[in-house]
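Examining the three-dimensional arrangement
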Amino acid sequence: GIAEAVVVMPDAESLWYIDSSVTPWRSMFVEEMVPLVDRWYRTKDRRGMRGLTGVSMGGHGAFTIGWSQPQLFSSIASHMGALNLPPLVGTPEE
């Protein structure tokens, strides 16, 4: 009785899913990966069929991307999420 689903699990270095002077991870995720998955797989490309979750830094990414892109995701979850971003990447101003 489990419905079909497409699960995407991006894997990269310590990235926090943010855009900075070092990496454009958030933009890549929203502007490239989501449309790519919708093109290549049998997804239902609408908000009500997309959820976002993550562990630790991925939990941070799930919440910050989900909150900033409510038109793309209908649910977000964080497991042991690091919800306070210390200045670990990019410039001090970022």
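For the structure, check the block above.
So, here's what we can say about the structure. (Residues numbered from 1 in each chain as written. Predicted model: local features only at pLDDT ≥ 70, side-chain atom pairs only at ≥ 80, totals over all residues. Heavy atoms only, no water.)

To continue, consider the overall build of the protein chain. Counting its secondary structure elements, the protein chain contains 2 helices and 2 strands. Traced from its N-terminal end to its C-terminal end, the protein chain shows the element sequence α-β-α-β. The proportion of buried residues among the 94 residues of the protein chain is 30%. Considering only intrachain contacts with a sequence separation of at least 6, the fraction spanning at least 24 residues in the protein chain is 56%. (Helix = DSSP H or I, 4+ residues; strand = E, 2+ residues; numbered from the N terminus. Buried < 20%, exposed > 50% of the residue type's maximum accessible area, 1.4 Å probe, protein only. Contact = heavy atoms within 4.5 Å.)

Looking now at the packing of helix H1 (residues 25–40) against helix H2 (residues 57–68). Two elements in contact, H1 and H2, have axes separated by 11 Å at closest approach and are oriented at 55°. Considered as vectors, H1 and H2 are oriented oblique to each other. Crossing hand, H1 versus H2: right-handed. Taken together, the residues of H2 that come into contact with H1 (itself represented by Arg 26, Phe 29 and Val 30) are Thr 64, Ile 65 and Ser 68. Its residues assigned to classes, the contact of H1 with H2 comprises 3 nonpolar, 2 polar and 1 charged. (Axes fitted to C-alpha atoms, helices over the stretch in contact; angles between N-to-C directions. Parallel < 35°, antiparallel > 145°, perpendicular 65-115°, else oblique. Left-handed = near helix turned anticlockwise from the far one by under 90°. Nonpolar A, V, L, I, M, F, W, Y, C, P; charged D, E, K, R; others polar.)

Take the side chain of Thr 64 next. With respect to the helices and strands, the residue Thr 64 is situated in helix H2. Thr 64 gets classed as buried once you look at its relative accessible area, which sits at 18%. Look past the residues within four positions of Thr 64 in its chain and what remains in contact with it is Tyr 17 and Arg 26.

Our next topic: the nonpolar core. One finds Tyr 17, Phe 29, Val 30, Met 33, Val 34, Val 37, Leu 52, Ala 62, Ile 65, Leu 72 and Phe 73 forming the largest nonpolar core, which totals 11 residues. Sorting the residues of this core by element identifies H1 and H2 as the ones contributing at least two each. With 5 residues, the top contributor of residues to this core is H1. If we ignore the near neighbours within four places in the chain, the residues touching Met 33 are Val 8, Pro 10 and Met 28. (Core = buried A, V, L, I, M, F, W, Y, C linked by side-chain atoms within 4.5 Å.)

Here the focus is unusual backbone geometry. In this structure, Ser 56 takes a positive phi of about 60° despite not being glycine. Note on placement: Ser 56 falls in the loop between strand S1 (51–55) and H2. Its relative accessible area of 33% is what places Ser 56 among the partly exposed residues. At Met 80, a residue that is not glycine, the phi angle is positive and equals roughly 55°. Tracing the chain through its elements places Met 80 in the segment after strand S2 (75–79). Its relative accessible area of 70% is what places Met 80 among the exposed residues.

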